[in-house]
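Each chain, letter by letter, is given below.
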Amino acid sequence: MKNYYLTTPIYYPSAKLHLGHAYTTIAGDVLKRYKQLQDYDVYYLTGSDEHGEKIETKAKEAGVSPKQYVDDIVSDIKVLWDLLDIDYDRFIRTTDVDHEQAVQKIFDRLKENGDIYKGEYEGKYCVSCETYVTDSSAAEGKCPDCSATLEVVKEETYFLKCSKYVDRLVAHMEANPEFILPESRKNELLNNFIKPGLQDLAVSRTSFKWGVPVKGDEDHVIYVWIDALSNYITALGYLGEDEELFNKYWPADVHLVGKEIIRFHVIYWPIILMALGLELPKQIFAHGWLLMDEDKMSKSKGNVIYPEYLAENYGVDTIRYYLMREISFGDDGQFTPDTFVTRINTDLANDLGNLVNRTISMTNKYFEGTVNNHAIINEHITWLHEVQSNSLQSMNSNLEKLYFSKALEDLWRLVSGTNKFIDLTAPWALAKDEANLPLLEAVMYELLKSIEIISTYVKPFMPTTAEKIEQQINIEAVTSFTTLDVSRETYNVLSKVEPIFPRLEKEVEVEKIKGEMQKGMEAAKAKLAVEDEIEFDQFKQVKLKVGKVVSCETHPNANKLLKFQIDLGTETRQIISGLASYYEPSDLIGRHVQVVANLKPVKLRGELSEGMLLTTDTSDGQVKLIFLDEHEVGAEIL
Ligand code: MSP
């Protein structure tokens with residue numbers, strides 16, 4: 001048997017997963033089931049990426065240990081994958097002991113080889129993406145990927161010698177056009193990251209604890225991306241007690257990843273593998289994002305829909321079908337309630353559901369449910385066979401390229417073709433004349449055969465639906481495409497069947513889903529409101545004092561600004577404030593005002609300002625100083 005090793009990214013258990021996350025894992029599951037039907041021995045890996053500063057901070061906010069924090073979310077993720085019929089072979093957690101030990105060994109090996117060395121990192125870091133960001137790509141201190149505010153990091157760190165491997169990496173990329181797909185991503189990476197000069201990567205952190213410690217240098221935890229990427233080999237036992245799976249399945253046939261994390265998979269991961277002397281994965285496929293209203297679906301923005309809601313109301317298979325059909329794999333695509341309900345009504349209830357339903361009822365009506373193979377051929381049957389072979393050929397070739405949407409389009413050509421075959425052969429007309437019965441039986445046989453083919457090819461996408469069809473046409477579960485080549489003697493369908501997809505009231509359902517999406521928006525808004533709150537410790541960082549205006553005059557270079565000398569009891573400070581439109585300078589002399597005393601000095605239009613005067617902003621557009629004339633000069637405001 002041929003082996004096939006396929007992985008998804010491992011997910012951060014930092015919040016509940018949404019439909020966008022489910023997209024990758026569903027695609028992986030479709031691929032696994034397709035390869036199994038082709039008789040491959042498939043290993044499908046998924047899991048959770050549990051270390052790092054982001055998780056440590058979230059756990060702190062929740063008042064629990066990082067492990068307690070991730071445990072609950074990870075078990076929810078597993079429940080979600082079960083719900084969505086994800087047939088993975090291992091769910092690796094980066095907190096699994098075998099993984100942690102292997103990661104330490106990997107790090108040690110690279111250190112021993114001289115591919116990891118110690119130095120100091122100073123620069124910007126995005127905690128949300130767990131990524132180092134170069135100054136040139138950090139516009140206004142924000143992360144170029146997720147727009148979060150960047151942290152400035154200065155710490156002793158180990159570095160991975162990327163420079164040593166970059167030429168080999170580029171040569172590999174050039175020599176293997178299928179290494180990175182879609183191809184456009186390759187040029188993006190070459191031009192934006194590799195050609196400008198790839199810097200050595202900082203691969204350890206010292207400013208927090210939640211990670212795999214570097215052996216013998218426990219102040220350092222291994223950078224979460226090194227820890228995470230290694231999962232693709234540690235899950236198979238690499239450097240563990242039993243390397244059998246590793247020897248059997250590595251190198252991976254495909255790593256499925258979202259487009260924003262391709263850089264880690266195409267640059268750093270191959271470099272680690274080269275440094276370890278291991279083969280590179282055969283392919284890294286970057287899919288696009290699931291968008292909502294033109295924006296990436298993401299919990300912090302609130303533009304999310306959760307798979308649980310859709311599954312409960314419309315069934316799991318509709319979600320799997322919709323995601324694979326609506327979005328072309330590799331590109332971004334929109335989730336809209338309208339297209340979701342339309343796909344269910346049109347493609348599933350009308351085209352597929354009706355085909356199965358009317359074929360079964362005609363088989364019952366004309367032949368009491370049993371038809372035999374008479375191997376009769378006429379022009380319509382020949383035409384149907386051609387539609388079958390053309391659409392399946394194209395479907396297989398698209399599936400090899402992971403063009404899931406095109407593959408389903410091909411399959412639906414067969415669904416429509418089979419429906420058209422009913423119109424062309426008009427079984428109800430044939431039934432009127434007994435002489436036509438053998439032909440009518442052949443027509444029904446061909447219809448059932450076509451449905452068997454469709455259900456087999458639909459199986460990777462909609463396993464439950466395929467199972468229902470198999471039950472209704474009363475055949476054993478098909479487990480390999482090869483059995484489709486063997487003609488059955490007889491079909492013997494069930495006498496009474498339910499439609500596999502009930503038709504939906506479009507407007508009603510669209511409104512319901514919109515209502516559900518609105519809940520996500522409201523939850524995100526509420527969260528933002530909570531995030532506006534600060535801790536008492538943060539408030540305490542601001543030093544407020546009572547100051548007395550010693551002198552006040554108009555700023556020499558700006559007519560809206562006033563220049564104050566303020567007595568703070570122990571010293572006199574110059575403060576510039578935009579109050580010229582509201583006060584006569586002479587009226588303010590001697591008044592006691594509220595001063596922020598520990599603000600970093602700045603120059604405002606050429607004059608130094610060493611603090612800030614507090615004011616209120618009234619509804620009539622006036623700005624008013626807060627006077628504290630009865631309070632002692634220099635007193636701290638607490
Ligand atoms: N932990 C890293 C991956 C490490 S792999 C060694 C990570 N985790 S994640 O939870 O943020 O994302 C997991 C996957 O979900 C990524 O492939 C990401 O692209 C995908 N998606 C998250 N939001 C998505 C959409 N809105 N649409 C499509 N995929 C999205 O990155």
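Before any of the text, the structure's been laid out above.
Residues numbered from 1 in each chain as written. Predicted model: local features only at pLDDT ≥ 70, side-chain atom pairs only at ≥ 80, totals over all residues. Heavy atoms only, no water.

If you tally the helices and strands in the protein, you get 21 helices and 28 strands. Relative to the 2.2 N^0.38 estimate, which gives 26 Å for 638 residues, the radius of gyration of the protein is 33 Å and therefore markedly larger than a compact globule would have. Along the three orthogonal principal directions, the C-alpha set of the protein runs to about 115 × 65 × 40 Å. Here the protein holds 638 residues, and 53% of them are scored as buried. Relative to all contacts within the protein whose residues are 6 or more apart in sequence, the contacts with residues 24 or more apart total 74%. Counting every atom, the protein has about 29,100 Å² of accessible surface; 48% of that belongs to carbon and sulfur. Placing the 69 positive and 101 negative side-chain charges of the protein at their respective mean positions leaves the two points 3 Å apart. (Helix = DSSP H or I, 4+ residues; strand = E, 2+ residues; numbered from the N terminus. Rg over C-alpha atoms; globule rule 2.2 N^0.38 Å. Buried < 20%, exposed > 50% of the residue type's maximum accessible area, 1.4 Å probe, protein only. Contact = heavy atoms within 4.5 Å. Areas by Shrake-Rupley, 256 points an atom, 1.4 Å probe, with all protein chains shown as cover. Lys, Arg positive; Asp, Glu negative; His and termini not counted. Charge placed at Lys NZ, Arg CZ, Asp CG, Glu CD.)

The interhelical angle for the contact between helix α12 (residues 316-326) and helix α15 (residues 404-425), taken along N-to-C directions, is 105 degrees, at an axis separation of 6 Å. Between α12 and α15, the angle is such that the two are roughly perpendicular. On the side of α12, the interface is formed by Tyr321, Met324 and Arg325, while α15 contributes Phe404, Ser405, Leu408, Glu409 and Trp412. Tallied by class, the residues present in the contact of α12 with α15 amount to 5 nonpolar, 1 polar and 2 charged. (Axes fitted to C-alpha atoms, helices over the stretch in contact; angles between N-to-C directions. Parallel < 35°, antiparallel > 145°, perpendicular 65-115°, else oblique. Nonpolar A, V, L, I, M, F, W, Y, C, P; charged D, E, K, R; others polar.)

Before going further, it helps to spend a moment on the sheet that holds strand β9 (residues 204-205). Taken together, 3 strands build an open sheet; the order of strands is β9-β11-β10 and the sheet is antiparallel. Two strands close off the open sheet at either side, each with one partner strand: β9 and β10 (213-214). As defined by bridge partners, β9 adjoins strand β11 (residues 217-222) across 2 bridges and the pair is classed as antiparallel. Across the sheet, the residue bridging to Arg205 is Val221, located in β11. (Pairing = 2+ DSSP bridges.)

Here we take up the layout of surface pockets. Unoccupied space between atoms shows up once a probe the size of one water molecule is rolled over them. Taken as a whole, the second largest pocket spans an internal volume of roughly 850 Å³. If you trace the second largest pocket, you find 35 residues lining it, with Tyr132, Thr134, Ser137, Phe193 and Arg263 closest to the centre. Mapped by element, the contributors of at least two residues to the lining of the second largest pocket are β4 (116-126), β5 (131-133), α6 (183-194), β8 (201-202) and α10 (262-276). Per-element tally for the lining of the second largest pocket: the top contributor is α6, with 5 residues. The residue makeup of the lining of the second largest pocket, split by class, is 17 nonpolar, 8 polar and 10 charged. (1 Å grid on protein atoms, 1.4 Å probe; cavity = no way out; pocket = protein on both sides within 12 Å on 5 of 7 lines; lining within 4 Å. Points joined across faces, edges and corners; volume = space filled by probe spheres on them.)

To continue, consider the environment of Asp351. Along the chain, Asp351 falls in helix α13 (residues 337-367). Along the backbone, Asp351 and Thr465 are 114 residues apart, and their C-alpha atoms lie at a distance of 14 Å. If we ignore the near neighbours within four places in the chain, the residues touching Asp351 are Thr346, Trp412, Val415 and Asn419.

Relative to strand β6 (residues 151-160), β4 runs antiparallel, the two being bridged by 10 bridges. Counted as the bridge partner of Tyr121 is Glu155 from β6. Two strands pair when backbone bridges link them, and β6 and β8 are joined in this way by 2 bridges, in the antiparallel orientation. If you follow Leu160 over to β8, its bridge partner there is Leu201.

In total, this model carries 1 cavity of 30 Å³ or more according to the counting rule given. Considered as a void within the structure, the largest cavity measures approximately 50 Å³ in volume. Every residue lining the largest cavity is counted, 13 residues in all, and those nearest its centre are Gly52, Phe208, Ile222, Tyr223 and Val224. At the level of secondary structure, the elements contributing two or more residues to the lining of the largest cavity comprise β11 and α7 (224-229).

Let's shift gears to the packing of helix α14 (residues 379-400) against α15. As a packed pair, α14 and α15 sit with axes 7 Å apart at the nearest point and diverge in direction by 170 degrees. As far as their axial angle goes, α15 and α14 are roughly antiparallel. Residue composition of the contact of α14 with α15, by class: 13 nonpolar, 8 polar and 4 charged.

Here Thr359 shows up in helix α13. On the accessibility criterion, Thr359 (0% relative accessible area) is buried. Leave out the neighbours within four places in its chain, and Thr359 touches Asn354, Ile422, Met444, Leu447, Leu448 and Ile451.

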